[in-house]
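What follows is each chain in one-letter form.
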Amino acid sequence: MTNLKYRETLINAIEQLVDINGQVKALGINILMKSELEEIDEIFEEGDVYDFKYNHLASAQDVNVKIVADIVKNINRNISSLININNIKNNEVNFDI
């Protein structure tokens, strides 16, 4: 495999990890909305949008949400490591570094 193909494959893997991390975060938010934020969940209507942050997960009391928050944190840390180790530039990926 040439260095260029290797780099392209690596960048693709990083982009997929970013997508996966978003999905894992959404799973944690869904758990949170059915536990600690159940009252808020009932207020939201179909199609309402709210920008949940990592801190919403990390500060949860629910141990399951905390586990998901740890997974999100670990994926983020490893994505950052891959980007730094391989000197990936913002213009090489389909997300903001």
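Let me begin by describing the structure that accompanies this report. (Residues numbered from 1 in each chain as written. Predicted model: local features only at pLDDT ≥ 70, side-chain atom pairs only at ≥ 80, totals over all residues. Heavy atoms only, no water.)

1. Examining the overall build of the protein
Then, in step 1: Along its length, the protein carries four helices and zero strands.
Then, in step 2: In terms of C-alpha radius of gyration, the protein reaches 17 Å, well past the compact-globule figure of 13 Å for 97 residues.
Then, in step 3: Across its three principal axes, the protein shows a C-alpha extent of roughly 55 × 30 × 20 Å.
Then, in step 4: Every one of the 97 residues in the protein was classed for burial, and the buried ones make up 26%.
Then, in step 5: If you average the places of the 9 positive and of the 16 negative side-chain charges in the protein, the two averages end up 13 Å apart. (Helix = DSSP H or I, 4+ residues; strand = E, 2+ residues; numbered from the N terminus. Rg over C-alpha atoms; globule rule 2.2 N^0.38 Å. Buried < 20%, exposed > 50% of the residue type's maximum accessible area, 1.4 Å probe, protein only. Lys, Arg positive; Asp, Glu negative; His and termini not counted. Charge placed at Lys NZ, Arg CZ, Asp CG, Glu CD.)

2. Here's the deal with the side chain of Asp62
Then, in step 1: Locating Asp62 in the fold gives a position in the loop between α3 (54–58) and α4 (63–85).
Then, in step 2: Put simply, Asp62 is tucked away with no salt bridge, and the nearest opposite charge, on Lys66, sits 9.3 Å away.
Then, in step 3: Only 2.7 Å separates the side chain of Asp62 from the backbone nitrogen of Asn64, close enough to count as a polar contact.
Then, in step 4: Filtering out sequence-adjacent residues up to four positions away, Asp62 remains in contact with Ile31, Ser35 and Glu36. (Salt bridge = Lys/Arg side-chain N within 4 Å of Asp/Glu carboxyl O. Polar contact = N/O pair within 3.5 Å; in protein donor to acceptor, adjacent residues only side chain to side chain. Contact = heavy atoms within 4.5 Å.)

3. Comments concerning the side chain of Glu15
Then, in step 1: By the secondary structure assignment, Glu15 is in helix α1 (residues 3–33).
Then, in step 2: Of the buried charged residues, Glu15 lacks a salt bridge, with Arg7 as the closest side chain of opposite charge at 11 Å.
Then, in step 3: Here Glu15 is in contact with Glu92, Val93, Asn94 and Phe95, once residues within four sequence places are set aside.

4. Re the packing of aromatic side chains
Then, in step 1: Evaluated as defined, the whole model comprises two aromatic pairs.
Then, in step 2: With 4.8 Å between their ring centres and 70° between their planes, Tyr50 and Phe52 make a pair best called edge-to-face.
Then, in step 3: Overall, the relative accessible area of 47% leaves Tyr50 in the partly exposed class.
Then, in step 4: Put simply, the rings of Phe44, Tyr50 and Phe52 touch in pairs and so form one group of aromatic residues. (Phe/Tyr/Trp six-rings, centres within 6.5 Å; stacked < 30°, edge-to-face > 60°.)

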